Amino acid sequence: MASNGNGSVVNGNGTARNGLPAIHTHKKHANGICHDDSVPTVKAKTIDELHSLQKKKSAPTTPVTGSQTPFATLSEQERQKQQLQSISASLASLTRETGPKVVKGDPAKKSGTQAHHHHHHHHHVATPTIVVSDSALKFTHVLYNLSPAELYEQAIKYEKGSFITSTGALATLSGAKTGRSPRDKRVVKDDVTDNELWWGKGSPNIEMDEHTFMVNRERAVDYLNSLDKVFVNDQFLNWDPENRIKVRIVSARAYHSLFMHNMCIRPTPEELENFGTPDFTIYNAGQFPCNRYTHYMTSSTSIDLNLARREMVILGTQYAGEMKKGLFSVMHYLMPKRQILSLHSGCNMGKDGDVALFFGLSGTGKTTLSTDHNRYLIGDDEHCWSDKGVSNIEGGCYAKCIDLCREKEPDIWNAIRFGTVLENVVFDEHSREVDYEDKSVTENTRASYPIEYIPNAKLPCVGPHPKNVILLACDAFGVLPPVSKLNLAQTMYHFISGYTALVAGTEDGIKEPTATFSACFGAAFIMLHPTKYAAMLAEKMEKHGATGWLVNTGWSGGRYGYGSRIKLPYTRKIIDAIHSGSLLNAEYKKTEIFGFEIPTEVEGVPSEILDPINTWSDKKAYKETLLKLAGLFKKNFETFTNHKIGKDNKLTEEILAAGPVF
């Protein structure tokens, strides 16, 4: 018996002791060394050295030559220094007047280069020693514009409740708050905003003074400066290059950084190098509460907007949607100053360049109807309409996930992959497959992903002037027609009303339709009086020849519980006829009370459902319900009637006259 060199003992008959064929090694080289595929060992003496070989520096930064930027003449070191100075200035405490010592990189990765990079910027040469605090003595590590992969690593390592799902998305938890806290939002009221913004009844703007804002800002900045590391994102809002806004988001969680990486527009390396000073800064200290003893505070949560300082502070809520919608509010203030209309709408474009805007509250089908395989998606939620056309404000989508299924919404389903943030979803502990029907954490489960994850997204996200403005309502009273053509005054009236009807359960379990009105289909985010946005909308529609439509995606033949929901294929046929322009050539008749123009026929839709009275067997009940809804519209509009547009009251009267008459 002899060993074959592989540890098996070989018998004389050529079989190994275990009965398996013996393994023979053939000499393939003249030098007698048997052939293997081994390669030279790694050029590293320690495991740390080996790990240092694994990552290489990112591609060289944009060449300095020929670049017409203010920083073009700077060396790489000088540029880095200026960037750190800018971040330090953002984090400056206003009592100490200086920012923290900031250094780039993860504190967990100890490096000897720390001393060379830090920067502390001084306003005074001789700083009295009394001002030195613990946070002034330490370094704050800045994790600057990290990639999704780096943010995944940070989240999984350091943030409890972070997991990778079976499709590669990052599942996270937003803590106690799983939705926005509109009652905790505050806007600084000063001499300028006092006159410019919409305050009082019906307004989303709840006032705070400058001093209280500074108290909360100091609290947020002190909290962020006390941490070993903060995440900083420098990004853009608005795809229109002439009107884009530079935003800086300072946060304490990788989840927040990745969310904003997806939701804002991602800069190129060159744009990042020349970013300079941001136009707007968010301080997200959401893990830390506000002080309830502070004036104007009503809970431990506060979302504060200071338009003069161009800053936003978040305390006491980790829900990421606060950042997205806070910036949307800012755009609702900044854009109209430039004669640009900011809109809470979906937007898509046909192959021939015809653009449609979709307005609608939750549950009206805005996302479903604006996502159309035959059309390009410009954006799903926030847009600007300038004298050049439309542009998406965001770089991503924030989709509801409750009851998401592949068949109904394949685009959203397929977008939930590596890089996507899944908020508050429930998944199988072993397979990590998400159960989208599970509401254990919240019903408001969400996915945030870059817009390019949608296959038919139009990049860059801009388009020509809209041809159609579609207002969607899910009318659970069952009296609005499936489609109505609106004149300009009616479009303004229904745009200001922002109607839909929700089906809410009462105490005894009986489900009743409840009318919901949200000015401009986004009352929580508008800053100016609704009539200002409506007047701009009408002016742009008239100038560019756009048509207004009101589409009911709700009930027909009776209210909720009696009638039936208008079939989605019928609504799609109506939308198709609007896009193609064929609906403009239809014959129309006028309805009573609301005075809508309704078509007598639409291809692919049963003609009898086009006038709701035909579908109700009880005509008396129809008339009563119609009058009831008209009364609700009238009552809601009383909030807006005392507001004049321009020098006279003519426009307001014209809008009022376009409402229901009874």
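For clarity, every value in this text was computed on a predicted model and none was experimentally measured.

Some words on the packing of aromatic side chains
This model, assessed by the stated rule, comprises 21 aromatic pairs. Geometrically, the ring pair formed by F495 and F521 is tilted, given 6.5 Å between the ring centres and 45° between the ring planes. Residue F495 is located in helix α13 (residues 488–497), and its partner F521 is located in the loop between β29 (511–517) and α14 (530–544); the two are separated by 26 residues in the primary sequence. Of the two residues, F495 and F521, both sit in the buried class. In this structure, K325 is placed above the aromatic ring of F525, and the distance from its NZ or CZ to the ring centre is 4.4 Å. Between R417 and the ring centre of Y453, over which it is positioned, the NZ or CZ distance is 3.7 Å.

Thoughts on the sheet that holds strand β4 (residues 139–144)
Pairing is mixed in the open sheet, where nine strands are placed in the order β3-β4-β9-β10-β11-β13-β12-β7-β8. Single-partner strands in this sheet number two, and they are β3 (101–104) and β8 (207–208). As defined by bridge partners, strand β7 (residues 185–188) adjoins β8 across two bridges and the pair is classed as parallel. In the sheet register, V187 faces β8, and the bridge partner there is E207. The strands touched by helix α2 (residues 76–90) within the sheet are β3, β4, β9 (229–237), β10 (245–251) and β11 (280–285), with β3 carrying the most contacts at an inclination of about 130°.

Comments concerning the sheet that holds strand β14 (residues 341–344)
Strands sit in the order β14-β18-β19-β25 across an open sheet of four strands; the sheet is antiparallel. Each edge of the open sheet carries a strand with a single partner, namely β14 and β25 (462–463). Alignment of β14 against strand β18 (residues 382–386), held across four bridges, turns out to be antiparallel. Bridging across to β18, L341 finds its partner in W385.

Description of the confidence of the model for the chain
Considering every residue of the chain, the mean pLDDT works out to 88; 85% of them sit at 70 or more. Within the model, pLDDT remains below 50 along residues 60–70, and this stretch shows eleven contacts once partners closer than five positions in the same chain are excluded. Contacts of residues 112–132 to residues separated by more than four positions or lying in other chains number 29 contacts, the stretch itself having pLDDT below 50.

Looking at empty space enclosed by the protein
All chains considered together, the criterion is met by five cavities of 30 Å³ or more. Space inside the largest cavity adds up to approximately 60 Å³. If you trace the largest cavity, you find it lined by T367, T371, L377, D380, C397, A399, I412, Y449 and I454. Its residues assigned to classes, the lining of the largest cavity comprises six nonpolar, two polar and one charged. Its volume calculated, the second largest cavity comes out at about 50 Å³. Around the second largest cavity, the lining residues are V479, L480, P481, T591, E592, F594, F596, P612, Y622 and L626. Across the lining of the second largest cavity, the residue classes break down as eight nonpolar, one polar and one charged.

Examining helix α15 (residues 568–580)
Quick reminder: α-helices carry 3.6 residues per turn. Residues three or four places apart thus point the same way. Here α15 is 13 residues long and its end C-alpha atoms lie 18 Å apart, about the 18 Å a rise of 1.5 Å per residue gives. Among the residues making up α15, those that are buried are T571, I574, I575, A577, I578 and H579. A positive backbone phi angle near 90° is found at G581, which sits one or two residues after α15.

Topic: a nonpolar patch on the surface
A cluster of nonpolar residues, V42, I47, L50 and L53, forms a patch on the protein surface that exposes about 370 Å² of accessible area. Checked against the element boundaries, L50 lands in helix α1 (residues 47–54). On the basis of relative accessibility, which here comes to 32%, the residue L50 falls in the partly exposed class.

What counts and what doesn't
Residues numbered from 1 in each chain as written. Predicted model: local features only at pLDDT ≥ 70, side-chain atom pairs only at ≥ 80, totals over all residues. Heavy atoms only, no water. Phe/Tyr/Trp six-rings, centres within 6.5 Å; stacked < 30°, edge-to-face > 60°. Helix = DSSP H or I, 4+ residues; strand = E, 2+ residues; numbered from the N terminus. Buried < 20%, exposed > 50% of the residue type's maximum accessible area, 1.4 Å probe, protein only. Lys NZ or Arg CZ within 6 Å of the ring centre and 35° of its normal. Pairing = 2+ DSSP bridges. Contact = heavy atoms within 4.5 Å. Axes fitted to C-alpha atoms, helices over the stretch in contact; angles between N-to-C directions. pLDDT = per-residue confidence, 0-100. 1 Å grid on protein atoms, 1.4 Å probe; cavity = no way out; pocket = protein on both sides within 12 Å on 5 of 7 lines; lining within 4 Å. Points joined across faces, edges and corners; volume = space filled by probe spheres on them. Nonpolar A, V, L, I, M, F, W, Y, C, P; charged D, E, K, R; others polar. Expected span 1.5 Å × (residues − 1). Patch = residues over 30% accessible without salt bridge, like charges linked within 9 Å, V, L, I, M, F, W, Y side chains within 5 Å. Areas by Shrake-Rupley, 256 points an atom, 1.4 Å probe, with all protein chains shown as cover. Salt bridge = Lys/Arg side-chain N within 4 Å of Asp/Glu carboxyl O.

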